[in-house]
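Listed below are the residues making up each chain.
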Amino acid sequence: MSNQTEERKLNHIKVCLEEDVQTRRKTTGFEDVFFVHQALPEIKRDRIDLSTSIFNHKLTAPLIVGAMTGGAAKTTKINAAIAQAVEELGLGMGVGSQRAAIDNRKLEHTFTVTREKAPTALLVANIGAPQLARGYGVKEAKRAVDMMEADALAIHLNPLQEAVQPEGETDYTGVLKKIGEIAQAIDVPVIVKETGAGIAAEEAKMLEDAGVAGIDVAGAGGTSWAAVEYHRAKRVGDESRQSLGENFWDWGIPTVVSLIEVIQSVHLTVIASGGVRSGLDVAKALALGADLASTSLPVLRPATKSQEEVKKTLQFTIDELRNVMFLVGAESIQKLRDVPIVVVGKTAEWLRARGFHPELYAKRKA
Ligand SMILES: Cc1cc2nc3c(=O)[nH]c(=O)nc-3n(C[C@H](O)[C@H](O)[C@H](O)COP(=O)(O)O)c2cc1C
């Protein structure tokens, strides 16, 4: 990888640590989702079983840390801290784009450190769609997986980020076909993920037809890549890039809208992410039908400190999830999926305008 790309990666992390990089006017839609409080839960909070399985891998709770980093020497420490924490908690993690290490073996350790620190945790490898358009294929996908003995491969879609960054790779032709070829050829499940702008039902169906195993919606309402690029442009005094970032700051499909569109359109494993900020958000995502939730930005700062800090952050979210499950009388993740949930406001309006049915979740299932 060129020094310039390495510099950019570190720059992204610095901006995410120092600036406000989350959407401003647009929200995830979790604030439009309500549980029906159960005054007679008839269960013991301490007996609640949070464990779940994804792609035949058992997790102690339905939460992973979403793809963030690797590829620059200084990021090894961040990946190591996250890996050690998820190993000890029995969770999972994704790594950031492995392009750097595919192009330059010297950087492999920034990713392989995750398997060293997490011999049994669910690990998700990562490559990007723009690289598929520029020649990456089955060979590179296999290398990404083998490099860290990953349990699954995520292929990320980031057209918004590419469109607003000066070095952006804005050729997305032939990406779907390549995704299909990779999904057929490699022997771990392929997850297609967005990076903060969401996935609509139409794309979800195309991806299902292409043979992918899972979709990670990564909707709008959390980290905004337009915001990250706005701050980068501001720091170097590039006014036109700055206003581009500003104008697209809130672009995207809110996480809850994307989640419901995808769940009501395909029969795939679905991961909820993009602005997942609490155990309550995780619980809502699962009650809406997600198989797993994933969170990225809230883990970044703790990961620069220590694995203990990462553990604390994740444990707090899990404890909160347990609390919600107590308050709705759900003693397992399966039961949480059946509790009634009400979707109102602009989220419900958006979904109806697109022909989806937010009211389907409001009744208690038998
Ligand atoms: C510092 C940082 C780096 C990221 N790098 C990647 C990446 O390389 N590949 C990827 O698929 N997603 C990447 N993402 C996107 C996240 O995986 C996630 O989809 C997005 O941040 C939304 O989740 P959040 O609101 O919980 O942060 C990155 C996010 C952050 C904050």
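As the structure is a prediction and not an experimental result, all values here were calculated from the model.

(A) Layout of the nonpolar core. If you look at the biggest cluster of nonpolar residues, it comprises 106 residues, and the most contacted ones within it are Leu153 and Leu336. With seven residues, helix H2 (residues 76-89) is the single largest residue contributor to this core. Residues Ile64, Ala152, Ala154 and Leu292 belong to the second largest nonpolar core, which totals 10 residues.

(B) Structural detail: the packing of helix H10 (residues 225-235) against helix H11 (residues 239-247). It is the contact of H10 with H11, at a shortest axis distance of 8 Å, that shows an interaxial angle of 160 degrees. What the angle tells us is that H10 and H11 run roughly antiparallel. Pair H10 / H11 crosses with left-handed handedness. Between H10 and H11, the contacting residues are Ala226, Tyr230, Ala233 and Lys234 on the first element and Arg241, Gln242, Gly245 and Glu246 on the second.

(C) Spatial organisation of the packing of aromatic side chains. Enumeration according to the criterion identifies two aromatic pairs in this entry. Judged by centre distance (5.6 Å) and plane angle (50 degrees), the rings of Phe248 and Trp251 are tilted. By relative accessible area, Phe248 is classed as partly exposed at 31%. Here the basic side chain of Arg24 rests over the ring of Trp249, its NZ or CZ set 3.6 Å away from the ring centre. Over the ring of Phe34 we find Lys284; its NZ or CZ atom is 6.0 Å from the centre of that ring.

(D) Up close: unusual backbone geometry. Of note in this structure, Phe55 is not a glycine but carries a positive phi near 45 degrees. Considering the arrangement of structural elements, one finds Phe55 in the loop between strand E2 (52-54) and strand E3 (57-59). Even without being glycine, Glu149 reaches a positive phi, approximately 45 degrees. Note that Glu149 resides in the loop between helix H6 (138-147) and strand E7 (152-156). For Glu149, a relative accessible area of 56% puts it in the exposed group.

What counts and what doesn't
Residues numbered from 1 in each chain as written. Predicted model: local features only at pLDDT ≥ 70, side-chain atom pairs only at ≥ 80, totals over all residues. Heavy atoms only, no water. Core = buried A, V, L, I, M, F, W, Y, C linked by side-chain atoms within 4.5 Å. Buried < 20%, exposed > 50% of the residue type's maximum accessible area, 1.4 Å probe, protein only. Helix = DSSP H or I, 4+ residues; strand = E, 2+ residues; numbered from the N terminus. Axes fitted to C-alpha atoms, helices over the stretch in contact; angles between N-to-C directions. Parallel < 35°, antiparallel > 145°, perpendicular 65-115°, else oblique. Left-handed = near helix turned anticlockwise from the far one by under 90°. Contact = heavy atoms within 4.5 Å. Phe/Tyr/Trp six-rings, centres within 6.5 Å; stacked < 30°, edge-to-face > 60°. Lys NZ or Arg CZ within 6 Å of the ring centre and 35° of its normal.

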